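# Close look at the chain arrangement
Given next are the chains, with one letter for each unit.
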Amino acid sequence: MNQLAGDVRASHKSIESFAKFINEKNIKIISIQRMNALRRCFSLYDMSQRHAAGMVNQKSSIEAEKHPNRKSFSDDKRYVVPIDYISNCIARHGRHEETRAEFLKLVKPSLVIKLKYEDFCDKEVQQLSTIQNFLKLKTPIGVVSQYEKMHTKHVDEMIKNWGELRSALENRFDTQLIAEWASHKAVC
């Protein structure tokens, strides 16, 4: 237990010293928070199974020629996802969000812009404009991407054992939050 307490103190001290550095150097922070931890964790699991961190949209002929063996993420792959993997990942996500919040409290508000990952799905141009204004860029940030959205289906279409997984997650986490994350509204 003393080791854990020491680790927490060391972590807090490093967060404080990093925030101090950010404030002294006036470094701007773009904080993009993924609200849907279930989808984030599923994405991480899927990428670990595919041994890939992202997929190029195969509609791009140049990219398809460079990477002929890459598959699109829209290939309807379904998994039996280990309950412990998703459960531990969601718990880690919560701890990361607590650390993020703690850090951002220490940084001057004028140096931070907080955005939600999910807002990039349907308001991409608006979000990029917000970043452009925050950074005081004269040239607009264009929406040009060779990447496609990886997981757009409902979770029960991607996770074979969703019923079992959902029950296990509802026993450990807020039932309403799990339902919200899994809902069709949270597709991003």
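As a starting point, this report considers the structure included with it.

Attention now goes to the side chain of Ser183. Residue position: Ser183 is located in the segment after α9 (175-182). In this structure Ser183 comes out as buried when scored by relative accessible area, which is 17%. Reaching out from Ser183, the side chain makes a polar contact with the backbone oxygen of Glu180 at a distance of 2.9 Å.

This part is about the nonpolar core. With 19 residues, the main nonpolar core has Leu38, Val81, Ile86, Ile90, Ile159, Trp162 and Leu169 as its most contacted residues. Contributions of two or more residues to this core are made by α2 (37-50), α4 (83-106), α7 (155-158), α8 (162-172) and α9. With five residues, α2 is the single largest residue contributor to this core. Filtering out sequence-adjacent residues up to four positions away, Ile90 remains in contact with Ala37, Leu38, Cys41, Leu169, Phe173 and Trp181. Counting nine residues, the second-largest nonpolar core is a separate cluster that includes Ile22, Ile29, Phe103 and Leu111.

Another point: the side chain of Gln127. Looking at the secondary structure, you find Gln127 in helix α6 (residues 124-135). Each residue touching Gln127, except ones within four places of it in the same chain, is listed here: Leu115, Asp119 and Phe120.

Taken together, the side chains of Ile30, Ile32, Leu135, Leu137 and Ile141 present a nonpolar region at the surface, about 350 Å² in accessible area. For Ile30, the location among the structural elements is in strand β1 (residues 29-33).

Here we take up the environment of Tyr79. Among the secondary structure elements, Tyr79 is positioned in the loop between α3 (61-66) and α4. Given the relative accessible area of 7%, Tyr79 is considered buried. Note: C-alpha distance between Tyr79 and Asp46 (33 residues apart in sequence) is 8.1 Å. Once residues within four sequence positions are removed from consideration, Tyr79 is found in contact with Phe42, Tyr45, Asp46, Gln49, Arg50, Met158, Ile159, Lys160 and Asn161.

Note that side chains of opposite charge can pair when their charged atoms are close. As enumerated under the stated definition, the model contains five salt bridges in all. Note that Arg50 is salt-bridged to Asp46, the shortest N-O span being 2.8 Å. Highlighted residues: Arg50 and Asp46, both in helix α2, separated by four residues, approximately one helical turn. Residues Arg100 and Glu97 are paired through a salt bridge, measuring 2.9 Å at the closest nitrogen-oxygen approach. Pair noted here: Arg100 and Glu97 are both in helix α4, with a separation of three residues, about one helical turn.

Okay, α2 next. Taking 1.5 Å per residue, 14 residues should reach 20 Å; α2 reaches 20 Å between its end C-alpha atoms and fits that length. In this structure, the buried side of α2 is in contact with α4, α7, α8 and α9. The opening residue of α2, the one whose side-chain oxygen lies 3.3 Å from the backbone nitrogen of Leu38, is Asn36. With its phi angle positive at about 55 degrees, His51 sits one or two positions after the end of α2.

The next thing to look at is the packing of aromatic side chains. On inspection of all chains with the given rule, the structure shows four aromatic pairs. Considering the side-chain rings of Tyr45 and Tyr85, the 5.1 Å spacing of their centres and the 65 degrees angle between planes classify their relative orientation as edge-to-face. Here Tyr45, found in helix α2, pairs with Tyr85, found in helix α4; they are 40 residues apart in sequence, far enough to count as distant. Residue Tyr45 is classed as buried on the basis of its relative accessible area of 9%. Among the aromatic residues, those joined into a cluster by ring pairs are Phe42, Tyr45, Tyr79 and Tyr85. One Lys or Arg, Lys28, reaches over the ring of Phe134 and ends 4.7 Å from the middle of that ring.

What counts, and at which threshold
- Residues numbered from 1 in each chain as written.
- Predicted model: local features only at pLDDT ≥ 70, side-chain atom pairs only at ≥ 80, totals over all residues.
- Heavy atoms only, no water.
- Helix = DSSP H or I, 4+ residues; strand = E, 2+ residues; numbered from the N terminus.
- Buried < 20%, exposed > 50% of the residue type's maximum accessible area, 1.4 Å probe, protein only.
- Polar contact = N/O pair within 3.5 Å; in protein donor to acceptor, adjacent residues only side chain to side chain.
- Core = buried A, V, L, I, M, F, W, Y, C linked by side-chain atoms within 4.5 Å.
- Contact = heavy atoms within 4.5 Å.
- Patch = residues over 30% accessible without salt bridge, like charges linked within 9 Å, V, L, I, M, F, W, Y side chains within 5 Å.
- Areas by Shrake-Rupley, 256 points an atom, 1.4 Å probe, with all protein chains shown as cover.
- Salt bridge = Lys/Arg side-chain N within 4 Å of Asp/Glu carboxyl O.
- Expected span 1.5 Å × (residues − 1).
- Phe/Tyr/Trp six-rings, centres within 6.5 Å; stacked < 30°, edge-to-face > 60°.
- Lys NZ or Arg CZ within 6 Å of the ring centre and 35° of its normal.

All we've got here are geometric facts, nothing functional implied.
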